[in-house]
Amino acid sequence: MVNSDTLASTNGEAGGRDWGKALPSAKADPIAATARHAPSQPPPELYEKRKSVHNKRIDGPFRRFKWLVMFVTLTIYYVTPWIRWDRGPYAPDQAVLIDLANRRFYMFDIEIWPHEFYYVAGLLIMAALGLFLVTSAVGRAWCGYSCPQTVWTDLFQHVDRFIDGDRNARIRLDKAPWNAAKITKRGVKWSIYLIISLLTGGAWILYFADAPTLFRDFFTLEASPVAYVTVGILTFTTFWLGGFMREQVCIYMCPWPRIQAAMLDEKSLIVTYKDYRGEPRGSLKKAKQHPDEYGDCIDCLQCVAVCPTGIDIREGQQVGCITCALCIDACDKVMADIGRPRGLIDYATLEQCEAEAAGKSTHSTWKALLRPRTLAYFAIWGGIGGAMLFALGTRTHTELTVSPDRNPPFMLMKDGTIRNAYTLRLRNMEARPRDMEVALAGLPAGSLMWTDRIGAEQAAFQQIITVPANETRIVRAYVTVPATSTVDEFAFRLTSLDEQGESDIAETTFASPTSQP
Amino acid sequence: MADKSRIDEPTGTEFVGHEWDGIEELNTPLPRWWLWTFYATILFSAVYVVLYPAWPLVERATAGVLGWSSRGELVEEMGRADLARAGTFEQIAATDITKLPADPDLMGQAIAGGAAAFKQHCVQCHGAGAAGYEEFGYPNLNDDDWIWGGELAEIEYTLTHGIRWEGSDETRSNYMPAFGDVFDADQLDAITQHVLSLSGKAQSNATGAELYAQNCAACHQPSGEGDQMQGAPALNDAIWLYGDDPAQVSQQIAYPRHGAMPGWSDKLDPVTIRMLAAYVHSRGGGEYAGEATDEVAPETGEVATDEVAVAPEDGGDGQL
C-alpha cells in the first residue's frame, strides 16, 4: 500500500525522513490556511483555553495491560504499608517504613541509617539510570503505564465514564447548561474524585509511621498535625492534578517528557503512525472507489478519540504522546473491521519504520532492545545495584568513630601523667542492646581509660559499655599514658561481646606537651 | 517586520512577528490557566505585603498587620522549649546534687544543660575547653587538682558563693600571707627549692625544710598535700596554678596572688548552678565522696535509650 509519490515527497532529503513534514494535516488544514492566518485577522492569541479531553472507551491488549499495571501499582501503593516484618522488640515491625523521627529507613531486611545515605543516593542514581535504560529501549513506557499522574488520570477518566457515560455523552454534558441533572452528576463525580484523592493522600502518610497506629489516630484526631496537613496537600494535588489538570501536567509541567524526548533515538520504541502505509488518508467510501489513490488510514479519528492526552498520533512524535498505546488498540480494531492488517499505528522504532517504508526487511523488535546503548545502561545499572547489595550484605553492624578533644588538646594530671579526652561514638546497628568492649590499641601497659560514666577509680586498659539497640551511644572517654610514654598515635578497638564478635578500629592521636602540633 | 499571517511550514505554527538575525519566534499559546496563575501570584504578593513585614525602611521593615516577626517567632519557640524543659529542671531542682549520678538520665541532662550555661557564663575566664589560663591564674577545670574540693557538692558550693567574693558571707576565702618582707633572698630561695622538692622538681635543703615546717605546713600540710577545707593548694603534685618555674613559685611565696571568682547565686538560678557543677565535675577530674564506687553509675544493665541523645561535650550533632 505504499504510495511512491508520497514517499518521494516526504523522504527526499539525505539522511532520512523528516517526520514533521510527513504530516499533511497541519499544512492542509483548511481552517489554519484561511481563518486563522488571513491578514485581516487580529493578531494571534498568546493564551488559549484548555480543550477538554473526553477519551473514548477502548478495549484491546494494551488497554488490558494498562489495567494490569494500574492494578499492580495501586495494590503496591495501598498494601505496602500494612505488611509486617518482625525485627524483634527494639525495632518497628513495619516492612517498609521511613522513620523520619528516628532517622531510619526500613525496607524489609534492609535498614538504612542516616550516615549510610549513599545507599539512597545510589538508589536515586539507579532510578535515573533505569529511566535512561527504559527510555532508550522502550521509549516513554514510564509515562504511558506507570507514572502516578498517568495511573490516577486513567482512574479519574474511568470515573468520568462511569458517571457521565462515554465520550459523546461527556462532550454533550460539557456543553449542556447547568441544570439539576448536570449539577447532580458533577457533584457525584467530584465526590468520587475527592474520595479517591483522600485515599491517595491518606495512604501516603502510612509510609512514615506505624500504619495501624496512625490509621487509628488519624480518625480519632490524635495524629500529629503534620499528618493532616500532608493528607490535605496530597488530597488537593491528587484532586486537582488527576481530576482537572490531567494531560496538562505532562505537557506543561513535567520535565520528564523533555528529558525523555532528548533520550529517544532512532532505535527507541515509540508509538508511531506509519504514514507511508496510511497516507494519503481518505474515507472508506473514497478508498473503495479509488483503491490505488488512498492509503490504509480511513481518517476515522478513532486514534484521536481514545487518546487520554487528546493528541493526534498521526502528526508524529510529540511531547503530548505518553505512549500508552491506546491508539494502537483503537486502530487495530478498525483495521480488523475493514480487513486490513493490524499495525497501522504500532510500537516501532524510527529505524524500523524507515526500513519498512523503503521496502527493506526490518529487524525484530527484540533486536532493537538489545543494542550497545541499552546493554551499557543495563550493565551500569546492574553494576551499581549489585555493588550496593554486596555492600549491604557485608556491612558490619558495629562502628566506632573517635574525635579527640582539641581544646585543650591534652591535660596534665596531679601525678604528672598526661590525659587526653575523646568523644567516642559507638554505633550498634543491631536491633538489640549489645555489650561492647572498648580497648586501647597501641598504647603501653599502664595506660588507662575511663569515661564520663565510668569513674577514674575504675580506670582500666579496656572498658565494657552497653550500647542500646539501634542506637549510637556517645561516650566521653579519658585516656592517660604512663609519664615515660612518648606514643603519639594509637587506636580504639571496639568489639561486640556477642556471638557475632564484630569489631571496628578507629585510629586517633595522643597529644602531649612534646608532640608536634 | 515579519508577516504575522505566515505559518511555519514544518510545525504549522504561526509566527508572532519577531525576528532576530533570521531567527523568528513562533506563537505557541500558553494555557490560559497559566496566565491566571500569574495573576494569582501578583495578588498573593499584594496580600503578603499587607500582612507581613515587607518594605525595608531605614530602621526596620514595615510591620505588616499580622504583627508577625522572626524575632517574635524565636521568642515563642524558645518559650515552648523552656516549657518542654521545665519538667527536667524541676527534677534537677528536687534532686540533691550528690544523688544526681544515681540517675544517669538526669545526670546526662544536667551535664548537657551545664555545658550550655558554661559557654555563656564561664568561658570568659576558664576558656571554651575549661582549661583555664595559667598566666592569669584562672584554674583548669579538667584536671584532678582541686583547691576547694572537686566533689559535686563542693563545686556547687563554690559556684554559688564564689571565691573571695564580697557578694556572699559564706564565700570561700583565705589569704596566704606575703613572705616577701619576712624572708630574705636566700631564705626565699631555700624554701622555693623545698616546695619544688615536694613534687620531686628540686633538691630539698635543711633551711627550706625548716622554714616550710614553721610557716607553711599548717595550711599546706607537712608533706605538701594541701587542705581543701582551707583552700590551701597541694604543693606535691604536678599542677601549679601560677606556674612551676622557680621564679614563679618564689614570686607566689613572696607576694602571693589571690584569685577571685564571683559567686553566681545572684545571677543564675540554683538549677543552672547545679547543672554547671555537674558539667564541671564531668570534665574528667571530678572527685567522689567517700567510697567513690557507690556514687558512680555502674556501667551495666539497662540504659535509657534517650540517654545517648545527650551529647555531653559539644552539644553537636547528636547521635548521627
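No experiment lies behind these values; they were computed from the predicted model shown.

The helix and strand inventory of chain B stands at eleven helices and four strands. Considering chain B as a whole, with its 320 residues, one finds that 30% of them fall into the buried category. When contacts within chain B are restricted to residue pairs at least 6 apart in sequence, those whose partners lie at least 24 apart make up 54%.

Below, the discussion takes up the overall build of chain A. Within chain A, the secondary structure is distributed over 20 helices and 15 strands. Over its C-alpha atoms chain A spans a radius of gyration of 33 Å, topping by over 25% the 24 Å that the globule rule assigns to 517 residues. By its C-alpha atoms, chain A is 115 × 60 × 50 Å across when sized along the principal axes. The burial tally for chain A puts 33% of its 517 residues in the buried class. Summarising the internal contacts of chain A: among those between residues at least 6 apart in sequence, 69% fall at separations of at least 24.

On to the sheet that holds strand E3 (residues 23-26) of chain B, then. Residues and elements named next belong to chain B. Spatially, three strands are ordered E1-E2-E3 in an open sheet, and the strand pairing comes out antiparallel. For this open sheet the edge positions go to strand E1 (7-8) and E3, each flanked by a neighbour on one side alone. Note that strand E2 (residues 13-20) and E3 share three bridges and pair antiparallel. If you follow Trp20 over to E3, its bridge partner there is Ile23.

Another aspect to go through is the packing of helix H9 (residues 180-205) of chain A against helix H11 (residues 225-245) of chain A. The description of two packed helices rests on the angle between their axes and on the distance between the axes. Residues and elements named next belong to chain A. For the pair H9 and H11, the least separation of the axes is 8 Å and the interaxial angle reads 135 degrees. One element, H9, and the other, H11, form an angle in the oblique class. Taken as a pair, H9 and H11 cross one another with a handedness that is right-handed. Where H9 abuts H11, its residues Tyr193, Leu194, Ser197, Leu198, Thr200, Gly201, Gly202, Trp204 and Ile205 lie against Ala227, Thr230, Val231, Leu234, Thr235, Thr238, Phe239 and Gly243.

Side chains that are nonpolar tend, in soluble globular proteins, to be buried together. Residue and element names in this part refer to chain A. Ranked by size, the top nonpolar core spans 41 residues in total, and within it Val271, Cys303, Leu326, Cys327, Ala330, Cys331 and Ile345 carry the most contacts. For this core, the secondary-structure elements that each account for two or more residues are helix H5 (117-138), helix H6 (141-146), helix H7 (148-164), strand E5 (270-273) and helix H17 (326-338). Among the elements that line this core, the one with the most residues is H17, at six residues. If we skip the residues at most four places from it in the chain, Cys303 touches Ile313, Arg314, Cys327, Ala330, Cys331 and Ile345. Membership of the second largest hydrophobic core comes to 32 residues, among which are Leu426, Met449, Val467 and Val479.

Below, the discussion takes up the pairing of strand E12 (residues 462-467) of chain A. The side chains of a regular strand alternate, residue by residue, between the two faces of the sheet. All names here are of chain A. A one-sided burial pattern is seen for E12, the buried positions being Gln463, Ile465 and Val467 and the unburied ones Gln462, Ile464 and Thr466. Relative to E12, strand E10 (residues 434-441) runs antiparallel, the two being bridged by six bridges. Paired with Val438 across the two strands is Gln463, which belongs to E12.

The next thing to look at is the confidence of the model for chain A. All names here are of chain A. Here chain A averages 86 in pLDDT, while 91% of its residues score no lower than 70. Under a pLDDT of 50 for its full length, residues 1-17 has, in the predicted model, 26 contacts with residues more than four places off or in other chains. The low-confidence segment residues 19-39 (pLDDT under 50) makes 36 contacts with residues lying over four places distant or belonging to another chain.

Time to look at the packing of helix H4 (residues 61-79) of chain A against H17(A). Residue and element names in this part refer to chain A. Between H4 and H17, the shortest axis-to-axis distance is 7 Å and the interhelical angle comes to 150 degrees. Taken together, the axes of H4 and H17 lie roughly antiparallel to each other. Contact residues: Pro61, Phe62 and Arg63 in H4; Leu326, Ile328 and Asp329 in H17. For the contact of H4 with H17, the class distribution of residues is four nonpolar, no polar and two charged.

This brings us to the environment of Phe62(A). Residue and element names in this part refer to chain A. Mapped onto the elements of the fold, Phe62 is located in helix H4. Classification of Phe62 as buried rests on a count of 22 C-beta atoms within 10 Å. As a C-alpha pair, Phe62 and Met253 span 191 residues in sequence and 26 Å in three-dimensional space. Setting aside anything within four residues of it in sequence, one finds Phe62 in contact with Ala325, Leu326, Ile328 and Asp329.

Turning our attention to the environment of Arg167(A). Residue and element names in this part refer to chain A. Positionally, Arg167 belongs in helix H8 (residues 167-175). Between the C-alpha atom of Arg167 and that of Val306, which follows or precedes it by 139 residues, the distance is 8.6 Å. Excluding residues within four positions of it along the chain, Arg167 makes contact with His54, Asn55, Lys56 and Ala305.

Moving on, we get to helix H10 (residues 270-281) of chain B. All names here are of chain B. For H10, which comprises twelve residues, the first-to-last C-alpha distance of 16 Å matches the rise-based estimate of 16 Å (1.5 Å per residue) to within 8%. Burial analysis of H10 places eleven of its twelve residues in the buried class, the great majority of the element. Taken together, the buried positions of H10 are occupied by Val271, Thr272, Ile273, Arg274, Met275, Leu276, Ala277, Ala278, Tyr279, Val280 and His281. At its buried positions, H10 is contacted by helix H2 (70-94), helix H3 (104-121) and helix H5 (152-161).

A word on the confidence of the model for chain B. The predicted coordinates should not be examined in detail at positions where pLDDT is low. All names here are of chain B. Summarising the model, chain B shows a mean pLDDT of 86, and 89% of its residues fall at 70 or more. Per-residue pLDDT, averaged within each element of chain B, yields its smallest value for helix H11 (residues 292-295) (41) and its largest for H5 (95). Quick note on the complex model: pTM equals 0.74, ipTM equals 0.73.

Time to look at H7(A). Working note: α-helix, 3.6 residues per turn, so residues spaced by three or four point in the same direction. Residue and element names in this part refer to chain A. Here H7 contains 17 residues, and its C-alpha end-to-end distance of 24 Å stays within 8% of the 24 Å for a straight helix at 1.5 Å per residue. Taken as a whole, H7 has its buried residues at Gln149, Thr150, Val151, Trp152, Thr153, Asp154, Phe156, Asp160, Ile163 and Asp164. Looking at the buried side of H7, the elements it contacts are H4, H6, H8, H9, H11 and helix H12 (247-253). Just past H7, the residue Gly165 takes up positive phi, approximately 100 degrees.

Parameters at a glance
Residues numbered from 1 in each chain as written. Chains lettered and ligands numbered in written order. Predicted model: local features only at pLDDT ≥ 70, side-chain atom pairs only at ≥ 80, totals over all residues. Helix = DSSP H or I, 4+ residues; strand = E, 2+ residues; numbered from the N terminus. Buried ≥ 20, exposed ≤ 12 C-beta atoms within 10 Å, placed from the backbone. Contact = placed C-beta atoms within 7 Å. Rg over C-alpha atoms; globule rule 2.2 N^0.38 Å. Pairing = 2+ DSSP bridges. Axes fitted to C-alpha atoms, helices over the stretch in contact; angles between N-to-C directions. Parallel < 35°, antiparallel > 145°, perpendicular 65-115°, else oblique. Left-handed = near helix turned anticlockwise from the far one by under 90°. Core = buried A, V, L, I, M, F, W, Y, C linked by C-beta atoms within 7 Å. pLDDT = per-residue confidence, 0-100. Nonpolar A, V, L, I, M, F, W, Y, C, P; charged D, E, K, R; others polar. Expected span 1.5 Å × (residues − 1).

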